[in-house]
Amino acid sequence: MGETTPEITAHLTKTVVLVGMMGAGKTAIGRALSVRLGVPFEDSDAEIVEASKLSIAEIFERFGEPFFREKETQVITRLLDGPPCVLSTGGGAWLSPENRSLISAEAAVVWLKADLSLLWSRVRHKDTRPLLRTPNPRATLKSLLEARTPAYEQAEFTVKTRANWSIEQTTDAVMACLSEAGIVEETT
């Protein structure tokens, strides 16, 4: 039996950019959303890794965070110039006023809001997070969340992620939010 492709019953009117903390679910929800909408899924971090042939941790170590942020802005600009897609950004991408202005002008922005305990449960066993390579990574994550929340609150839409929700349930919540705003239009 062959794999079936889900029937696309909605149309995306402009790119959707997912922002939020590491571990909020931007990649998982972004992939699920792109399948439902029949549009490409893009990940700015993955694009940077592919172009540089280095991990994000290696980029931070070799060239520093400012260099990474510059490349991140270049990649986001390029991806926003293309056809509508679902774009997952790194946790720090939205912090830059330049990126916020650029993204807000071109796309619908959804903050996947997650609390500290959920974020920690998702990232604590991963060693790929350069910002958490500290003596007390949970305290670092808490500080990052507190510092970044005011910027995330500037996103056009907020969807609270819940520990007991599946990817499908969270994607449903994002779809409902986007449909209500006319970003996703139902097709017949």
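> Describe the environment of alanine 173, naming the residues involved and giving the relevant values.
Here alanine 173 shows up in helix α8 (residues 167-180). For the pair alanine 173 and alanine 147, spaced 26 residues apart in sequence, the C-alpha separation works out to 26 Å. If we skip the residues at most four places from it in the chain, alanine 173 touches Val159 and Trp165.

> Let's hear about the pattern of salt bridges: which residues, and what values?
Across all of its chains, the model carries five salt bridges by this definition. When the shortest N-O distance is used, the salt bridge between arginine 78 and glutamate 47 registers 2.8 Å. One end of the pair, arginine 78, is in helix α4 (residues 65-80); the other, glutamate 47, is in helix α2 (residues 44-52), and 31 residues separate them in sequence. Of the charged contacts, one joins arginine 69 and glutamate 72 as a salt bridge, the two residues approaching to 3.0 Å between their closest N and O atoms. A residue pair is termed a helical-turn pair when its members lie 3 or 4 positions apart in one helix, as arginine 69 and glutamate 72 do in helix α4 at three residues.

> Give a detailed account of the packing of α4 against helix α5 (residues 97-106), specifying residues and quantitative values.
Each pair of packed helices can be described by the angle between their axes along with the distance between the axes. Viewed as axis vectors pointing N to C, α4 and α5 meet at an angle of 5 degrees, and their least axial separation amounts to 11 Å. The orientation of α4 relative to α5 falls into the category roughly parallel. The segment α4 lies against α5, with Glu72, Thr73, Ile76, Thr77 and Leu80 engaging Glu98, Asn99, Leu102, Ile103 and Glu106. The class makeup of the residues in the contact of α4 with α5 is four nonpolar, three polar and three charged.

> Describe in detail the packing of helix α3 (residues 56-63) against α4, supporting the description with residues and values.
Taken N-terminus to C-terminus, the directions of α3 and α4 make an angle of 125 degrees; their axes are 7 Å apart at the nearest point. One element, α3, and the other, α4, form an angle in the oblique class. Here Ile56, Ile59, Phe60 and Phe63 of α3 lie close against α4, whose contacting residues are Glu65, Phe67, Phe68 and Arg69. For the contact of α3 with α4, a count of residues per class yields six nonpolar, no polar and two charged.

> So what's going on with the sheet that holds strand β5 (residues 108-113)? Residues and values would help.
Strand pairing in a sheet relies on backbone hydrogen bonds, with the paired strands running either antiparallel or parallel. The five strands are arranged β3-β4-β2-β5-β6 in an open sheet whose pairing can be described as parallel. Two strands lie at the open edges of the sheet, namely β3 (41-43) and β6 (157-160), each paired on one side alone. On average, each strand axis in the sheet is tilted by 25 degrees relative to the strand beside it, whichever way the strands run. With three bridges joining them, β3 and strand β4 (residues 86-88) adopt parallel strand pairing.

> Could you give an account of the side chain of lysine 26, with specific residues and numbers?
Mapped onto the elements, lysine 26 comes out in helix α1 (residues 26-37). The side chain of lysine 26 is buried and forms no salt bridge, while aspartate 45, the nearest opposite charge, is found at 6.9 Å. There is a polar contact of 2.9 Å between the side chain of lysine 26 and the backbone oxygen of glycine 20. Within the structure, lysine 26 has its side chain in polar contact with the backbone oxygen of methionine 21 (distance 3.0 Å).

> Give a detailed account of unusual backbone geometry, specifying residues and quantitative values.
Residue lysine 53 is not a glycine yet carries a positive backbone phi of 60 degrees. When you line up the elements, lysine 53 lands in the loop between α2 and α3.

> Let's hear about the environment of aspartate 172: which residues, and what values?
Summarising the element assignment, aspartate 172 is placed in helix α8. Through-space distance from the C-alpha of aspartate 172 to that of valine 39 is 16 Å; in sequence the pair is 133 residues apart. Looking at aspartate 172, its side chain comes within polar contact range of the side chain of arginine 36, at 2.6 Å.

Thresholds applied
- Residues numbered from 1 in each chain as written.
- Predicted model: local features only at pLDDT ≥ 70, side-chain atom pairs only at ≥ 80, totals over all residues.
- Heavy atoms only, no water.
- Helix = DSSP H or I, 4+ residues; strand = E, 2+ residues; numbered from the N terminus.
- Contact = heavy atoms within 4.5 Å.
- Salt bridge = Lys/Arg side-chain N within 4 Å of Asp/Glu carboxyl O.
- Axes fitted to C-alpha atoms, helices over the stretch in contact; angles between N-to-C directions.
- Parallel < 35°, antiparallel > 145°, perpendicular 65-115°, else oblique.
- Nonpolar A, V, L, I, M, F, W, Y, C, P; charged D, E, K, R; others polar.
- Pairing = 2+ DSSP bridges.
- Buried < 20%, exposed > 50% of the residue type's maximum accessible area, 1.4 Å probe, protein only.
- Lys, Arg positive; Asp, Glu negative; His and termini not counted.
- Polar contact = N/O pair within 3.5 Å; in protein donor to acceptor, adjacent residues only side chain to side chain.

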